[in-house]
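Fold and geometry: a report
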Amino acid sequence: MSGTGRAARIVLYAVCSTFAAATLLFTLYYLRNRKRSRKKERITGPSIRLYDQPSLATFIDGSETSLAELLKENGHGEFSKGTISSLLRCIEVAETSMLEKFLVALLNCSAFTANQNTIRECGGLPLLISLLSHDNKVVNIKAAQVLSNLAMNEENQQTLKDSVFAIIKILEYCDIFNNEEFGIELLRLLVNLSATNIAHEEIMTGVAEYYSILGQSLSRQIQQQVLRLLVNLSCNANNLDGLLEFKPFIMLQSFMLPDNSDDIILRAVTISANLLSNSDCYTKEQQLMVTEDLNVLYGELTELLEHSNEDIQSQAKRAFRSVFAFRMMYTAL
């Protein structure tokens with residue numbers, strides 16, 4: 001019996017030793033792997049999911065018209081607030097290649113008044129202003145084109161007026177003579193913003209730049225946009241002092257010559273007529289300046305009275321009447 005008990009104790013001891021050894025090995029293995037895992041975590045950083053470029057499905061909501069449909073239609077039509085909000089979020093995070101496509105869709109849908117309001121309500125205006133400074137020229141141009149459409153909306157003009165200073169600065173630094181297409185789009189944006197008086201005060205801060213561009217550029221498209229802008233600004237008597245400061249009549253006279261296209265001549269003579277029609281508001285200095293310039297302007301206006309374009313004739317007659325009124329007023333003084 002004593003021999004049997006001794007054998008049993010030996011077997012039990014062997015089993016316990018084996019189990020203890022296995023437990024020790026498992027513990028060492030666990031600790032070793034945990035140490036490696038922590039070391040790797042310290043090297044690579046915590047396990048954070050990177051924000052990958054979202055797929056279109058990420059932003060498609062349950063709205064009646066999905067973002068996918070908007071893109072399929074290339075932005076043509078009126079769309080829900082949810083869909084436009086999704087498109088703006090895509091624009092905010094998209095890489096350049098996709099960004100251009102999203103902006104084309106936004107450009108098309110921004111032609112609709114309902115969409116114009118929705119884009120503003122979804123915070124799209126500041127986003128688009130920021131894209132004017134993007135490092136890709138195509139993105140700059142598309143963003144400016146979208147903003148031009150949106151600027152036809154008076155509520156959007158009210159929101160955008162605080163961004164006019166930034167737009168003018170971008171115009172000043174964009175090297176318009178080597179980056180003509182973008183410059184034209186920025187000028188077109190300012191033209192649309194100036195369609196009402198809402199942002200005139202802000203737009204007038206760039207008048208020296210507009211005259212500088214007009215005097216230096218040989219591009220008919222650039223000349224056309226600057227003259228359109230000056231037509232709008234000259235309709236507002238509050239802008240008279242700023243516009244007359246740079247002796248505009250001599251410059252405008254050069255755009256009334258017969259070698260210019262009719263649209264250029266029409267805008268130049270319209271600006272002159274607008275400025276001369278407010279001669280009763282002139283200061284003494286402005287009266288003297290205009291008197292010096294009228295002799296040159298008078299000859300061109302005389303020829304335009306016989307122009308084949310009736311609109312040009314009409315504006316020339318209007319300018320002529322203002323010239324006579326000015327001379328009578330100044331002579332009386």
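Owing to the predicted nature of the structure, the values given are computational and were not obtained by experimental measurement. (Residues numbered from 1 in each chain as written. Predicted model: local features only at pLDDT ≥ 70, side-chain atom pairs only at ≥ 80, totals over all residues. Heavy atoms only, no water.)

Here's the deal with helix H17 (residues 262-276)
Where we set the bar: Each helix is a run of H or I in the DSSP string that is no shorter than four residues. Each strand is a run of E no shorter than two, and both are numbered from the N terminus. Expected helix span is computed as 1.5 Å times (number of residues minus one). Partly exposed describes any residue whose relative accessible area lies between the buried limit of under 20% and the exposed limit of over 50%, with all areas from a 1.4 Å probe on protein chains only and scaled to the type maximum.
Between its first and last C-alpha, H17 extends 21 Å over 15 residues, near the 21 Å set by a 1.5 Å rise per residue. Within H17, 12 of the 15 residues are buried, which leaves the element mostly enclosed by the surrounding structure. Among the residues of H17, those classed as buried are Asp263, Ile264, Ile265, Ala268, Val269, Thr270, Ile271, Ser272, Ala273, Asn274, Leu275 and Leu276.

Comments concerning the packing of aromatic side chains
For any pair of aromatic rings, the description consists of the separation of the ring centres together with the inter-plane angle of the planes. This is how it is decided: Two rings from Phe, Tyr or Trp (for Trp, the six-membered ring) form a pair when their centres sit within 6.5 Å of each other. Planes less than 30 degrees apart are called stacked, planes more than 60 degrees apart edge-to-face, and all others tilted.
Considering all chains together, one arrives at four aromatic pairs under this definition. Centre to centre, the rings of Tyr211 and Phe246 are 5.6 Å apart; their planes meet at 45°, and the pair counts as tilted. Of this pair, Tyr211 sits in helix H13 (residues 207-216) while Phe246 sits in the loop between helix H15 (240-244) and helix H16 (248-254), and the two are 35 residues apart along the sequence. By the ring-pair criterion, three or more aromatic residues cluster together here, those being Tyr298, Phe320 and Phe324.

What to know about helix H7 (residues 124-131)
Residues separated by three or four positions in an α-helix point in the same direction, a consequence of the helix having 3.6 residues per turn. Convention followed: Should any heavy atoms of two residues lie within 4.5 Å, those residues are considered in contact.
With six of eight residues buried, H7 is to be regarded as a mostly interior element. Turning to H7, its buried residues number three or more, namely Gly124, Leu125, Leu127, Leu128, Ile129 and Leu131. Where H7 is buried, its residues touch helix H4 (81-93), helix H5 (96-109), helix H6 (113-121), helix H8 (137-150), helix H9 (154-160) and helix H10 (164-173).

What to know about the UniProt feature "repeat: ARM" (unreviewed entry) in the protein chain
Selection criterion: UniProt positions are given in the numbering used here, feature names are shortened, and annotations may be inferred rather than shown by experiment.
Under the feature "repeat: ARM" (unreviewed entry), the UniProt entry names residues 123-160. For residues 123-160, the helix share is 76%, the strand share is 0%, and the end-to-end C-alpha distance is 12 Å.

Regarding unusual backbone geometry
Positive phi is not limited to glycine here, since Asp175 has a value of about 55°. Following the sequence through the fold, Asp175 ends up in the loop between H10 and helix H11 (180-193). Judged by relative accessible area, Asp175 falls into the partly exposed class, the value being 37%. The phi dihedral of Lys247 is positive, around 50°, even though this residue is not glycine. Considering the arrangement of structural elements, one finds Lys247 in the loop between H15 and H16. The partly exposed category is assigned to Lys247, whose relative accessible area is 37%.

Here we look at the pattern of salt bridges
Going by this rule: Salt bridge, as applied in this entry: a Lys or Arg side-chain nitrogen positioned within 4 Å of an Asp or Glu carboxyl oxygen.
Applying the stated criterion across every chain yields a total of eight salt bridges. Taking the shortest distance from any N to any O, the salt bridge between Glu155 and Arg120 comes out at 3.3 Å. Here the residue Glu155 occupies a position in helix H9, and Arg120 occupies one in helix H6, the gap between them amounting to 35 residues. For Arg120, a relative accessible area of 17% corresponds to the buried category. Across the pair Glu292 and Lys247 runs a salt bridge, and its minimum N-O distance is 4.0 Å. With Glu292 in helix H18 (residues 284-304) and Lys247 in the loop between H15 and H16, the pair connects residues that are 45 residues apart, well separated along the chain. Each member of the salt-bridge network shares a partner with another, and the members are Arg220, Asp263 and Arg267.

Let's talk about the side chain of Ser148
Tracing the chain through its elements places Ser148 in helix H8. For Ser148, the residues in contact, after removing those within four places along its chain, are Glu185, Arg188, Leu189 and Asn192.

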